[in-house]
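# Inside the fold
If you want the building blocks of each chain, they are given just below.
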Amino acid sequence: MSQYFEVHPDNPQPRLLKQAAQILHAGGIAAVPTDSSYAFVCHLDDKAAAEKLRRIREVDERHHLTLLCRDLSELVDNRQYRMLKHATPGPFTFLLEATKEVPRRVSHPSRRTVGLRVPDHRVTQELLAVLGQPLLATTLIPAGEQEPLNDPQLIRRRYQKLIQAVVDAGACPMQPTTVVDFSGDEPVLVRVGRGDPAKLGLAVSA
């Protein structure tokens with residue numbers, strides 16, 4: 001049975017976030033809100049939890065797991081940081097070349113890239129602060145469906161035997177992130193979503 005934490009979206013209760021962080025530290029899977037949609041998350045350094053995350057989503061190792069971070073400064077070089085800081089926090093996913101700081105299981109096996117997110121959501125940011133490190137994440141889209149779930153009560157009912165916590169901060173915007181690939185010489189706009197590419201100096205082709 002998953003624990004249900006109903007938190008205030010603008011002033012989340014530290015006590016509840018601490019309890020959710022303890023579940024993640026113990027290897028649990030949680031459903032948390034972001035600035036695009038709800039996501040399944042687990043501890044970055046827990047291989048078993050990462051495998052469980054993939055099983056729940058019914059995806060294999062070819063599926064990109066994303067790192068949810070408070071700040072990109074510890075995970076990217078200075079050149080990338082100068083460019084990306086204008087769009088963080090925000091609804092962007094950045095594909096970057098994997099480095100020694102990033103566990104191999106996070107990177108795409110054939111391309112050696114990793115997806116990074118700095119979500120502009122108070123609850124997620126506060127949870128990351130309590131946890132003290134990034135989280136592994138994947139969008140909460142049920143297997144065989146196209147859209148992520150956005151009702152925390154429904155998430156609880158559907159996944160209460162599979163995940164250990166649901167952090168309810170109300171509905172999310174339900175718009176996908178803008179995805180930009182920074183693994184090559186020049187940034188490539190992969191998908192236009194909620195984030196404005198102009199913040200990265202990128203134009204959307206007609």
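Predicted model, so just to flag it, every value in this text is computed and none were measured. (Residues numbered from 1 in each chain as written. Predicted model: local features only at pLDDT ≥ 70, side-chain atom pairs only at ≥ 80, totals over all residues. Heavy atoms only, no water.)

### Side note on helix α2 (residues 47-57)
The periodicity of an α-helix, 3.6 residues per turn, causes residues three or four places apart in sequence to face the same way. To keep things clear, this is the line we draw: Buried means the residue's accessible area, taken with a 1.4 Å probe over protein chains only, is under 20% of the maximum for its type, while exposed means over 50%, and partly exposed covers the values in between. The way it works is that DSSP assigns letters per residue, a run of H or I at least four long becomes a helix, a run of E at least two long becomes a strand, and they are numbered from the N terminus. The directions from the helix axis to the C-beta atoms are what the arc is built from. Contact definition: two residues touch when any of their heavy atoms are within 4.5 Å. We define a polar contact as two N or O atoms separated by no more than 3.5 Å, with the added condition that, inside protein, one atom must be a possible hydrogen donor and the other a possible acceptor, whereas residues neighbouring each other in sequence contribute only through side-chain atom pairs.
Considered for burial, the residues of α2 that qualify are Ala 49, Ala 50, Leu 53, Arg 54, Ile 56 and Arg 57. Down the axis of α2, the sector holding all buried residues measures 160 degrees, keeping them to one side. In α2, the exposed residues that point more than 90 degrees away from the buried face are Lys 47, Ala 48 and Arg 55. Of the surrounding elements, those touching the buried residues of α2 are β3 (39-43), β7 (135-139) and α5 (152-159). The residue sitting at the N-terminus of α2 and contributing the capping side-chain oxygen is Asp 46; that oxygen lies 3.2 Å from the backbone nitrogen of Ala 48. Just downstream of α2, Glu 58 is the residue with a positive phi angle, here 55 degrees.

### Looking at unusual backbone geometry
Between Thr 88 and Pro 89 the backbone carries a cis peptide bond, its omega angle lying at -5 degrees. Along the chain, the position of Pro 89 falls in the loop between α3 (78-84) and β5 (92-97). Residues other than glycine seldom take positive phi values, yet Glu 58 does so here, at roughly 55 degrees. Mapped onto the fold, Glu 58 is located in the loop between α2 and β4 (66-68). Under the relative-accessibility criterion, Glu 58 is labelled exposed at 62%.

### Comments concerning the state of the cysteines
The condition is simple: The disulfide criterion used throughout: a pair of cysteine sulfur atoms within 2.5 Å.
Per the counting criterion, the structure on display carries 0 disulfides. Cysteine Cys 42 remains unbridged, with the sulfur of Cys 69 as its closest cysteine sulfur at 13 Å. You can call Cys 69 buried: its relative accessible area is 2%.

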